[in-house]
There are 2 protein chains.
Amino acid sequence: MELFYSKNISQGICSLDAEESNHCIKVLRHRRGEIINVVDGGGTLYKCEIMEDSPKGVTFNIVERIDNYGTHSYRLHAAVAPPKNIDRFEWFAEKATEIGIDEITPLFGEYSERKVFKGERVERLLISAAKQSHKGAIPTLNEAVTVKDFILAHSSAVTATSSTPVTSAPWDGITRLICYCDEVESLGLSHKITINQALARGAKDVMLMIGPEGDFSRSEITLALQNGWTAISLGESRLRIETAALVAVSSVYIANI
Amino acid sequence: MELFYSKNISQGICSLDAEESNHCIKVLRHRRGEIINVVDGGGTLYKCEIMEDSPKGVTFNIVERIDNYGTHSYRLHAAVAPPKNIDRFEWFAEKATEIGIDEITPLFGEYSERKVFKGERVERLLISAAKQSHKGAIPTLNEAVTVKDFILAHSSAVTATSSTPVTSAPWDGITRLICYCDEVESLGLSHKITINQALARGAKDVMLMIGPEGDFSRSEITLALQNGWTAISLGESRLRIETAALVAVSSVYIANI
C-alpha cells in the first residue's frame, strides 16, 4: 500500500503537488475513480477518490478519515549534534522515523566540529521515511540550536544538586536524558544511571540529548544537570553519534511496547 | 588511537599484511621503534613495537597483551534474512558490530526474495567496524543457511506446546527469540511476548532470528516454537528487516548495561 503526502489536506485542499501527482499518475498509473491513501503529516490518513488524474496536479475527494494512523504511544524529542559526515545524521533521522519519533533538533555544542546545518534534505527524508513506514505523522525537524539554548528552553523546575539526585526530586512528567562519555563523578555530581533505569521512571514523554564527537563540555553537562536533566549511560561500547542516538530511540520505543 | 588487524598474531606471526602495512607506513607514517596497536580479531589487543617499517610488510615485536579488549558482557548470535538491497544488510552488520555482537548468520526463508548471499564485502566491513569501534573481537559471519536448518542446528531440548508456553518450561540458558509479524494466535499457540519480557528471563546468551520481507512461513514459525524458540514482538511499527534486527540487537545490549 502506497501513501501520498499532502500538507494542505487538513485545510480542505484536495490535491497533490506536482511531484506526488507525477508519481501517482506516471509511475503508479492510478486513474480517475481509484482510491488512494493520503497522509497529512499530522497523523491522519485520508482515503481519497481521484477526480482529476493529471500528472501535474491530482485532485481528489475525501471518502474516509483515519486519525492517529501508525502512531506510537509515547512522545519523543531527540536533540542530536550532527556529525561531520551529514549522511550519518540523515541515516539517523530516517531510522528514527521508522521506529517512532516526534521531534528532532540538531544541536551545536561547544566542541562541535560541525557548526552549519542545512535541513532541506533531512526534511525530504523524514517525509519519505514516514510514508514508507506507514506513519500518518511526519516528525518535526526544528532549527539547529546551541546546547545551552536547548537546555534553557527545555529545563524543568526541578534542579539537581550533588546531595539530591534528580531521580528523587519532584518531577514534571518529562524524562530528560543527557548521554555523554565523560564521567559524572569528575563533576562532583551523582553517578550516571543506565538508560533503562531512567526509562523505568517514565518512558511516555522523553527528551534526549546526544552530543558531538568531542562530547558535551563540562559547563554544558553542569547546566543540564542543574536544569532537571538526568545523566545516563549507554554502556561501554564506543558508539558513533548516530548509533548512540538510535540505541536511545530504540530503548524508548521498546520500553513502550 | 588507530587499531591494526593481524589474523595470525595469536599464532606468533608478528607482521601486518600488505594492506595494513601500507596504511600503517604510507598513510599514518609510523616508523621503526614506534608502538602500534594490533588486534587479533579474537578479542586480544597487542601493543607492538615496529621492527621493520616496510609498506609491503610491517614486522613488530609484541610488548604488551590486553585480553578481552572492547568486549561485552553477553553473547549474541543474530540470524537475519538479507533484504533484496544488500546495502541494508551491510549496514546492519556494521552497526551491530559497533554495538556488540558475536555471530551473524544470513538466513534464507521460504518467502525470501534473496536466495544468494556473498559474504566477502560483509567480512571486510566487520573488520573495519570492529577496528573503528575499538573491539578486539571481530564478529563471526557464518555461511548462509535456510531457516529450517538454522532452527534444527540451534534447537533446545525444551519443546513448546499450546498448553505449556516455552517461558515456563525447563531452560538450557540460551534465550532463543524469533521475531515475526504474523499473529501467533492464528497458529493456535501462546501469545507473543515483548522482547523486554523475554530478555528479563535471560539476556546473557541470546540467539535471535529476523525473517525476510515476506515474513517467516507458518511451518518455519511452528518448527521454531517446537524447538525452544520464543515468539516475540518488536512492537507496532513497520520496521524494515535491518531496522528490526538493529532494534533487537540494541535491546540485548541495553539489557546488559
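Look a little higher up for the structure.
Read on for an overview of the structure. These figures come from a predicted structure and were not determined experimentally.

## Regarding the packing of aromatic side chains
Next, step 1: This structure, assessed with the given rule, holds seven aromatic pairs over all chains.
Next, step 2: Geometrically, the ring pair formed by Phe150(A) and Trp229(A) is tilted, given 6.1 Å between the ring centres and 55° between the ring planes. Placement of Phe150(A) in helix H4 (residues 147-153) and of Trp229(A) in the loop between helix H6 (218-226) and strand E12 (230-233) is noted, with a sequence separation of 79 residues between them.
Next, step 3: Trp229(A) sits in the buried class, given a relative accessible area of 1%.
Next, step 4: Three or more aromatic residues joined by ring pairs make a cluster, and in this case those are Phe89(A), Phe92(A) and Phe117(A).
Next, step 5: We note Lys95(B) situated over the ring of Trp91(A); from NZ or CZ to the ring centre the distance is 4.9 Å.

## Thoughts on unusual backbone geometry
Residues and elements named next belong to chain A.
Next, step 1: A positive phi angle, close to 55°, is found at His134, a residue other than glycine.
Next, step 2: On the secondary structure map, His134 appears in the loop between helix H3 (120-132) and strand E7 (140-141).
Next, step 3: With relative accessibility at 8%, the residue His134 sits in the buried group.
Next, step 4: Of note, the phi angle at Asp215 is positive, near 75°, even though the residue is not glycine.
Next, step 5: Of note, Asp215 is situated in the loop between strand E11 (205-210) and H6.
Next, step 6: Given the relative accessible area of 12%, Asp215 is considered buried.

## Notes on the relation of the copies chain B and chain A
Next, step 1: Expressed as a screw transformation, the operator carrying chain B onto chain A has a rotation angle of 180° and an axial translation of 0.0 Å, and the superposed copies differ by an RMSD of 0.0 Å. The transformation relating the two chain copies, once decomposed into turn and shift, fits a two-fold axis.

## Considering the pairing of strand E4 (residues 59-66) of chain B
Each regular strand shows side chains that alternate between the opposite faces of the sheet.
Residues and elements named next belong to chain B.
Next, step 1: Examined bridge by bridge, strand E3 (residues 45-52) and E4 share seven bridges and lie antiparallel to one another. Paired with Cys48 across the strands is Ile62, a residue of E4.
Next, step 2: If you look at the hairpin formed by E3 and E4, you'll find six residues sitting between the two strands.

## Remarks on the interface of chain B and chain A
For an interface, size is often stated in terms of accessible area lost upon the parts coming together.
Next, step 1: Contacts between chain B and chain A engage 31 residues on the former and 31 residues on the latter.
Next, step 2: Around 2,600 Å² of area is buried between chain B and chain A when both sides are counted, 52% of it from carbon and sulfur atoms.
Next, step 3: Area buried by chain B at its contact with chain A is led by Glu98(B), Arg238(B) and Ile254(B), which between them contribute 21% of it.
Next, step 4: At the surface where chain B touches chain A, the tally comes to two salt bridges.
Next, step 5: Counting across the interface, chain B meets chain A through 19 residue pairs in polar contact (both at pLDDT 80 or more).
Next, step 6: Secondary structure elements with two or more residues in the side of chain B that touches chain A: helix H2 (86-99), helix H5 (195-201) and helix H7 (241-255) of chain B.
Next, step 7: Sort the elements by how many residues they give to the side of chain B that touches chain A and H7(B) lands first, with nine residues.

## Considerations on the pairing of strand E2 (residues 35-39) of chain A
All names here are of chain A.
Next, step 1: Counting buried positions along E2 yields four of five residues, so the element is predominantly enclosed.
Next, step 2: Inspection of the sheet shows strand E1 (residues 3-5) paired to E2 by three bridges, in the parallel sense. Within E2, the position partnered with Tyr5 by the bridge is Val39.
Next, step 3: On the question of chirality, the crossover connecting E1 to the parallel E2 by way of helix H1 (residues 18-27) is right-handed.
Next, step 4: Where E2 folds back on strand E3 (residues 45-52), the antiparallel hairpin that results is connected by five residues, among which Gly41 adopts a positive phi of roughly 80°.

## Structural notes on H6(A)
Next, step 1: Within H6(A) the residues assigned to the buried category are Glu220(A), Ile221(A), Leu223(A), Ala224(A) and Leu225(A).
Next, step 2: For H6(A), the secondary structure elements touched by its buried residues are H4, strand E9 (175-179), E11 and E12 of chain A.

Procedures and definitions
- Residues numbered from 1 in each chain as written.
- Chains lettered and ligands numbered in written order.
- Predicted model: local features only at pLDDT ≥ 70, side-chain atom pairs only at ≥ 80, totals over all residues.
- Heavy atoms only, no water.
- Phe/Tyr/Trp six-rings, centres within 6.5 Å; stacked < 30°, edge-to-face > 60°.
- Helix = DSSP H or I, 4+ residues; strand = E, 2+ residues; numbered from the N terminus.
- Buried < 20%, exposed > 50% of the residue type's maximum accessible area, 1.4 Å probe, protein only.
- Lys NZ or Arg CZ within 6 Å of the ring centre and 35° of its normal.
- Least-squares fit on C-alpha atoms with pLDDT ≥ 70 in both.
- Pairing = 2+ DSSP bridges.
- Contact = heavy atoms within 4.5 Å.
- Buried area = accessible area lost by both parts, 1.4 Å probe.
- Salt bridge = Lys/Arg side-chain N within 4 Å of Asp/Glu carboxyl O.
- Polar contact = N/O pair within 3.5 Å; in protein donor to acceptor, adjacent residues only side chain to side chain.
- Right-handed = clockwise from strand over helix to strand, strands pointing away.

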